[in-house]
Amino acid sequence: LERFIGSLLPVKDSMDLGFDALEATSEIEAIREGMELTSKMLDDSLEKNGVVALDPTGEAFNPEFHQAMTMQPSSEVAPGTVLSCMQKGYMLNERLVRPAMVIVAKAIEE
């Protein structure tokens, strides 16, 4: 747990610097770049600690890892395919922490 927290502290520091920058500048591009770097730092920290994001867009719906929020008619993909991911899911050391919230394709009614 100590190692995990230690890997998150630089992300927190980066976020704090970003909030300070918001007060000092209104340059949106610089703020966006800072947010992207902070997000990458967080992703790297999570990955180093065994956390893997699940974004099943384009994959077959799997109720063990995905939570269907709604179904949407589609002629572009097979019924049961994940059309989009509303919220990523996460696994920790190959165990599900949170399922991905998804929109699933269904056949078009005639």
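Computed from a predicted model, the values in this text were never measured in an experiment. (Residues numbered from 1 in each chain as written. Predicted model: local features only at pLDDT ≥ 70, side-chain atom pairs only at ≥ 80, totals over all residues. Heavy atoms only, no water.)

Next up on the list: unusual backbone geometry. Positive phi is not limited to glycine here, since N93 has a value of about 50°. Tracing the backbone through its elements, the reader meets N93 in the loop between β4 (89-92) and β5 (95-98). (Helix = DSSP H or I, 4+ residues; strand = E, 2+ residues; numbered from the N terminus.)

Strand pairing in a sheet is mediated by backbone hydrogen bonds. Such pairs are either parallel or antiparallel. Taken together, three strands build an open sheet; the order of strands is β2-β6-β3 and the sheet is mixed. Unpaired on one side and paired on the other, β2 (66-73) and β3 (82-87) mark the two borders of the sheet. The mean angle between the axes of side-by-side strands here comes to 25°, regardless of whether they run parallel or antiparallel. Taken together, the seven bridges between β2 and strand β6 (residues 100-106) define a ladder with parallel strand orientation. Residue P73 lies in a different strand from β6, and its bridge partner there is K106. (Pairing = 2+ DSSP bridges. Axes fitted to C-alpha atoms, helices over the stretch in contact; angles between N-to-C directions.)

This brings us to the pattern of salt bridges. Applying the stated criterion across every chain yields a total of four salt bridges. Linking K12 and D16 is a salt bridge whose minimum nitrogen-to-oxygen distance equals 2.8 Å. Residue K12 and its partner D16 are both found in helix α1 (residues 2-24); the two are separated by four residues, about one turn of the helix. Residue classification places K12 among the partly exposed positions, given a relative accessible area of 46%. Since its relative accessible area comes to 31%, D16 is described here as partly exposed. In this structure, a network of salt bridges that share partners links the residues E29, R32 and E36. (Salt bridge = Lys/Arg side-chain N within 4 Å of Asp/Glu carboxyl O. Buried < 20%, exposed > 50% of the residue type's maximum accessible area, 1.4 Å probe, protein only.)

Turning our eyes to something else, we now look at the layout of surface pockets. In this structure, the largest pocket spans a volume of roughly 300 Å³. Forming the boundary of the largest pocket are 13 residues, of which M15, G18, F19, G34 and M35 lie nearest the centre. Elements that contribute at least two residues to the lining of the largest pocket include exactly α1 and α2 (28-48). With seven residues, α1 is the single largest residue contributor to the lining of the largest pocket. (1 Å grid on protein atoms, 1.4 Å probe; cavity = no way out; pocket = protein on both sides within 12 Å on 5 of 7 lines; lining within 4 Å. Points joined across faces, edges and corners; volume = space filled by probe spheres on them.)

Nonpolar side chains collect at one region of the surface, where L1, I5 and L9 lie side by side and expose about 340 Å² of accessible area between them. Accessibility expressed as a relative area gives 82% for L1, which makes it exposed. (Patch = residues over 30% accessible without salt bridge, like charges linked within 9 Å, V, L, I, M, F, W, Y side chains within 5 Å. Areas by Shrake-Rupley, 256 points an atom, 1.4 Å probe, with all protein chains shown as cover.)

Positionally, S45 belongs in helix α2. On the basis of relative accessibility, which here comes to 5%, the residue S45 falls in the buried class. When sequence neighbours within four positions are dropped, the list of residues in contact with S45 reads S7 and L8. (Contact = heavy atoms within 4.5 Å.)

Right, let's get into the sheet that holds β5. If you trace the three strands from one edge of the open sheet to the other, you get β1-β4-β5, paired in antiparallel fashion. With partners counted over all chains shown, the strands left at the sheet margins are β1 (51-54) and β5, one partner each. Ignoring strand direction, the axes of neighbouring strands in this sheet form an average angle of 35°. As paired elements, β1 and β4 share four bridges and run antiparallel to each other. Of the residues in β4, the one forming a bridge with V52 is M91.

The values reported here are purely geometric and, on their own, carry no functional implication.
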